[in-house]
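So the chains spell out like this:
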Amino acid sequence: MALDYEESKAKIVEKLQKKLKTKSKFYFNDLAKILEAKPREAKKVINRLVQEEILEYWSSGSTSLYGLKGTGKQAHAEDED
Amino acid sequence: MAKHKTPLLDQLESGPWPSFVSDLKQQAEVRAKNKEKVEFQIPEDVVEDLLGILELSFKHGRTHWKHGGIVGVFGYGGGVIGRYCDQPEQFSGVAHFHTMRVNQPGGKFYTAEYLKQLCDLWDFRGSGITNMHGSTGDIIFLGTTTPQLEEIFYEMTHNYNQDLGGSGSNLRTPSDCIGQARCEYSCYDTQALCYHLTQEYQDELHRPAFPYKFKFKFDGCPNCCVASIARADMSFIGTWKDDIRIDQEAVQAYVGGEIAPNANDHSGRDWGAFDIQKEVCDLCPTECMWMEGDKLMIENKECNRCMHCINVMPRALRIGKETGLSILVGAKAPILDGAQMSSMLVPFVKAEEPYDEIKEVIEAIWDWWMEEGKNRERLGELMKRQGFQRLLEATGIAPDPRMVKEPRSNPYIFWKADEVPGGFERDIDEFRKYHQR
């Protein structure tokens, strides 16, 4: 069954905000687990969250992570926010 | 006069090989003189500062680059790799020094005009330093600032018909050999398949959702010019089903010295007369070739496609006519557990549009790896952790002796209850009638 977007968005934002004190970047699988969905289903929602600028990508070059837009040390340190 | 003194880097120039330090110094000078009057959009002294920060790294014995970043172009999770230095006051030219990966054209065929366009764009909006090509095959642009990224992306996609490549936990830029465009050994059209899958899997290429990187590479024959068997999570290697075609007259021409062996390669010194027994038959790894009088004979079913005989005598021996490809999976570089070569998964499949059989295998593998793979675990590592048998179950491919690498005789076979008549349940009393405890 397709995931409800608004419901999924609320779940992700709530969980990620809760964890902000300790962690600001998350693996794709962490997000899929929050949604309790298969990766392909979760990807549709996560792509849209990026399009709507709620989430943003972070990449080391070899690995990609996701975070709430504008959060974490780097956004401030590099003047990218 | 150089902006920074670089005695340690200068030493690198003294070796016998061409030095990237000399190249960088040359580029720094070109930018300083700016004969073509380019309106540089990033600091003019970017290359000077790059040399300066590298010198400092040598001096300190530690890197001054920070790890990764949030930069990118809108909607893409790959293709741009954020790089920042931790000495921005001293080396302001490289405070931002992002990498961009450009999806190279199939077979790395391009025109001089295309290259000139890219270089002009990169001189204008970047450092002018490129890497031709990265190990995934991309054209790599080294060093630009954040505001330039969208500008470069717009120019490339709207005016040059050119996309960015993959980076991060994405499908990486698919890479292929020159294939049938130039090579008689090619068993399938590598560029057609590479292009088709690049278009088909745009979402996987640009929006990261994999546990880690994933690479496709396409080699037209087992010579593996793009080293797919060593580097790609999925290697597509051309092969043939029928017999190697032999032109016995040409064999004799090689034996008689009328045609130079190895397509005249290694001809810089006198190796003596060509000895077909020593240089071809005796070097066959499966010992499936021999001479019967003047005739070269091949026991084709023993051939393991090493390509040696064909490479030595290309005018006499040719690949078979019934061609296609083998799919091997799981190669990787040595971060965990050492380097790994690909393992045979599909011994033979025709490479014909719309490539549905191939896509079925790819998608089944991705479904398995996306669900079962740990964060930062390559496919080859998952195969090792869960076993090749799990891969077969996930892809629905039946086991085949050609998948067994070693031992080649008496392999262990793990049967499951539903594969054994009556399963593993048995009447213990009946068993005890014949076997004492």
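What you see is a predicted model; the values in this text were computed from it and never measured.

Colleague: For this particular structure, what's the right way to read the overall build of chain A?
Modeller: Secondary structure summary: chain A contains four helices and two strands in total. Helices and strands in chain A line up, N terminus first, as α-α-α-β-β-α. Expressed as a percentage of its 81 residues, the buried residues of chain A come to 51%. On chain A, roughly 4500 Å² of surface is accessible, and the fraction owed to carbon and sulfur atoms is 52%.

Colleague: Please explain the packing of helix H4 (residues 112–125) of chain B against helix H5 (residues 146–159) of chain B as it appears in this structure.
Modeller: Angle between the axes and distance between the axes: these two values describe a pair of packed helices. Residue and element names in this part refer to chain B. The interhelical angle for the contact between H4 and H5, taken along N-to-C directions, is 160°, at an axis separation of 11 Å. By the angle between their directions, the pair H4 and H5 is classed as roughly antiparallel. Crossing of H4 over H5 shows right-handed handedness. Where H4 approaches H5, its residues Leu118, Leu121, Trp122 and Arg125 are matched on the opposing element by Gln148, Glu151, Ile152, Glu155 and Met156. Along the lines of polarity and charge, the residues of the contact of H4 with H5 split into five nonpolar, one polar and three charged.

Colleague: Can you walk me through the packing of aromatic side chains in this structure?
Modeller: By convention here, two paired aromatic rings are described through the distance between centres and the angle between planes. If you walk through the whole model with that rule in mind, you get 19 aromatic pairs over all chains. Between the aromatic rings of tyrosine 110 of chain B and tyrosine 114 of chain B, the centroid separation amounts to 5.8 Å while the plane-to-plane angle is 20°, which identifies the pairing as stacked. Taking the relative accessible area as the measure of exposure, tyrosine 114 of chain B reaches 12% and is therefore buried. Relative to phenylalanine 236 of chain B, the ring of phenylalanine 216 of chain B lies with its centre 5.6 Å away and its plane at 80°, an arrangement referred to as edge-to-face. Here phenylalanine 236 of chain B lies in strand E7 (residues 234–240) and phenylalanine 216 of chain B lies in strand E6 (residues 216–219), a separation of 20 residues in the sequence. With respect to burial, phenylalanine 216 of chain B and phenylalanine 236 of chain B carry one shared label: buried. It is arginine 48 of chain A that lies over the ring of tyrosine 5 of chain A; its NZ or CZ is 3.7 Å from the centre. Across the ring face of tryptophan 271 of chain B, the terminal group of arginine 269 of chain B is positioned such that the distance to the ring centre comes to 4.2 Å.

Colleague: Could you clarify how one ought to interpret the sheet that holds strand E12 (residues 323–329) of chain B in this entry?
Modeller: As a general point, the strands of a sheet are linked pairwise by backbone hydrogen bonds and lie either parallel or antiparallel. All names here are of chain B. Taken together, five strands build an open sheet; the order of strands is E5-E6-E7-E12-E13 and the sheet is mixed. Lying at the two open borders of the sheet, with one neighbouring strand each, are strand E5 (175–176) and strand E13 (343–349). Of the strands in this sheet, E12 and E13 touch helix H14 (residues 388–395), which is tilted by about 35° from E13.

Colleague: Looking at this model, I keep getting lost on a negative patch on the surface. Mind explaining?
Modeller: All names here are of chain B. Taken together, the side chains of Glu352, Asp356, Glu357, Glu360 and Glu363 present a region of like negative charge at the surface. Tracing the backbone through its elements, the reader meets glutamate 357 in helix H12 (residues 356–372). Exposure remark for glutamate 357: the relative accessible area of 55% places this residue in the exposed category.

Colleague: Could you clarify how one ought to interpret the sheet that holds strand E4 (residues 139–142) of chain B in this entry?
Modeller: All names here are of chain B. If you walk across this open sheet you meet the four strands as E1-E2-E4-E3, and the pairing is antiparallel. Two strands lie at the open edges of the sheet, namely strand E1 (80–81) and strand E3 (129–132), each paired on one side alone. Pairing of strand E2 (residues 99–102) with E4, which is carried by four bridges, proceeds in the antiparallel orientation. Counterpart to methionine 100 in the pairing with E4 is phenylalanine 141. The strands touched by H4 within the sheet are E2, E3 and E4, with E4 carrying the most contacts at an inclination of about 20°.

Colleague: Mind showing me how you'd approach the domain arrangement of chain B here?
Modeller: Residue and element names in this part refer to chain B. You can read the domains of chain B as domain 1 (7–159), domain 2 (175–240 + 325–418) and domain 3 (245–318). The C-alpha-based centres of domain 2 and domain 3 are spaced at 31 Å. Facing the seven residues of domain 2 at the interface are five residues of domain 3. Summing both sides of the interface, domain 2 and domain 3 together bury roughly 650 Å²; the carbon and sulfur share of this comes to 55%. Three residues stand out in domain 2 for area buried against domain 3, namely Tyr185, Asn223 and Trp240, and they jointly supply 71% of the buried area on that side. The tally of links between domain 2 and domain 3 comes to zero salt bridges. In this structure, the connection of domain 2 to domain 3 is made through four residue pairs in polar contact (both at pLDDT 80 or more). Grouping the amino acids of the side of domain 2 that touches domain 3 by side-chain chemistry returns four nonpolar, two polar and one charged.

Colleague: Could you clarify how one ought to interpret the interface of chain B and chain A in this entry?
Modeller: Accessible area lost upon the coming together of the parts is a frequently used measure of interface size. Contacts between chain B and chain A engage 35 residues on the former and 27 residues on the latter. For the pair chain B and chain A, the two sides together bury roughly 2800 Å², of which 47% comes from carbon and sulfur. Run the count over chain B and chain A and you get four salt bridges. Across the pair aspartate 367 of chain B and arginine 40 of chain A runs a salt bridge whose closest N-O atoms are separated by 2.7 Å. Applying the counting rule to chain B against chain A returns 13 residue pairs in polar contact (both at pLDDT 80 or more). Every element with two or more residues in the side of chain B that touches chain A is listed here: helix H7 (202–206) and H12 of chain B. Top contributing element to the side of chain B that touches chain A by residue count: H12 of chain B, with five residues.

Colleague: Sorry if this is basic, but what is going on with the pairing of E7 of chain B here?
Modeller: For a regular strand, side chains alternate in direction, first toward one face of the sheet and then toward the other. Residue and element names in this part refer to chain B. The element E7 is largely enclosed, with a buried count of seven among its seven residues. What you see with E7 is no split at all: Met234, Phe236, Gly238 and Trp240 on one side and Ser235, Ile237 and Thr239 on the other are buried throughout. The pairing of E7 with E12 spans seven bridges and is antiparallel. Within E12, the position partnered with isoleucine 237 by the bridge is serine 326.

Colleague: Would you mind showing me how to read the side chain of glutamate 377 of chain B here?
Modeller: All names here are of chain B. Here glutamate 377 shows up in the loop between H12 and helix H13 (379–386). On the accessibility criterion, glutamate 377 (7% relative accessible area) is buried. When residues no more than four places from it in sequence are discounted, the contact partners of glutamate 377 are Pro211, Tyr212, Trp369, Glu372, Leu382 and Arg385.

Colleague: How should I be thinking about empty space enclosed by the protein in this particular structure?
Modeller: The gaps of empty space that remain are located by a probe, the size of a water molecule, rolled over the atoms. Tallying each qualifying case throughout the model produces two cavities of 30 Å³ or more. Its boundaries defined by the atoms lining it, the largest cavity holds a volume of some 120 Å³. If you trace the largest cavity, you find 17 residues lining it, with Cys284, Met289, Cys303, Cys306 and Cys309 of chain B closest to the centre. Per-class residue counts for the lining of the largest cavity are 13 nonpolar, three polar and one charged. Considered as a void within the structure, the second largest cavity measures approximately 60 Å³ in volume. Lining the second largest cavity are Tyr27, Phe28, Asn29 and Ser64 of chain A together with Ser169, Pro208, Ala209, Phe210, Pro211 and Asn375 of chain B. Classifying every residue of the lining of the second largest cavity gives six nonpolar, four polar and no charged.

The rules behind each value
Residues numbered from 1 in each chain as written. Chains lettered and ligands numbered in written order. Predicted model: local features only at pLDDT ≥ 70, side-chain atom pairs only at ≥ 80, totals over all residues. Heavy atoms only, no water. Helix = DSSP H or I, 4+ residues; strand = E, 2+ residues; numbered from the N terminus. Buried < 20%, exposed > 50% of the residue type's maximum accessible area, 1.4 Å probe, protein only. Areas by Shrake-Rupley, 256 points an atom, 1.4 Å probe, with all protein chains shown as cover. Axes fitted to C-alpha atoms, helices over the stretch in contact; angles between N-to-C directions. Parallel < 35°, antiparallel > 145°, perpendicular 65-115°, else oblique. Left-handed = near helix turned anticlockwise from the far one by under 90°. Contact = heavy atoms within 4.5 Å. Nonpolar A, V, L, I, M, F, W, Y, C, P; charged D, E, K, R; others polar. Phe/Tyr/Trp six-rings, centres within 6.5 Å; stacked < 30°, edge-to-face > 60°. Lys NZ or Arg CZ within 6 Å of the ring centre and 35° of its normal. Pairing = 2+ DSSP bridges. Patch = residues over 30% accessible without salt bridge, like charges linked within 9 Å, V, L, I, M, F, W, Y side chains within 5 Å. Salt bridge = Lys/Arg side-chain N within 4 Å of Asp/Glu carboxyl O. Lys, Arg positive; Asp, Glu negative; His and termini not counted. Charge placed at Lys NZ, Arg CZ, Asp CG, Glu CD. Domains from an automatic or database assignment. Buried area = accessible area lost by both parts, 1.4 Å probe. Polar contact = N/O pair within 3.5 Å; in protein donor to acceptor, adjacent residues only side chain to side chain. 1 Å grid on protein atoms, 1.4 Å probe; cavity = no way out; pocket = protein on both sides within 12 Å on 5 of 7 lines; lining within 4 Å. Points joined across faces, edges and corners; volume = space filled by probe spheres on them.

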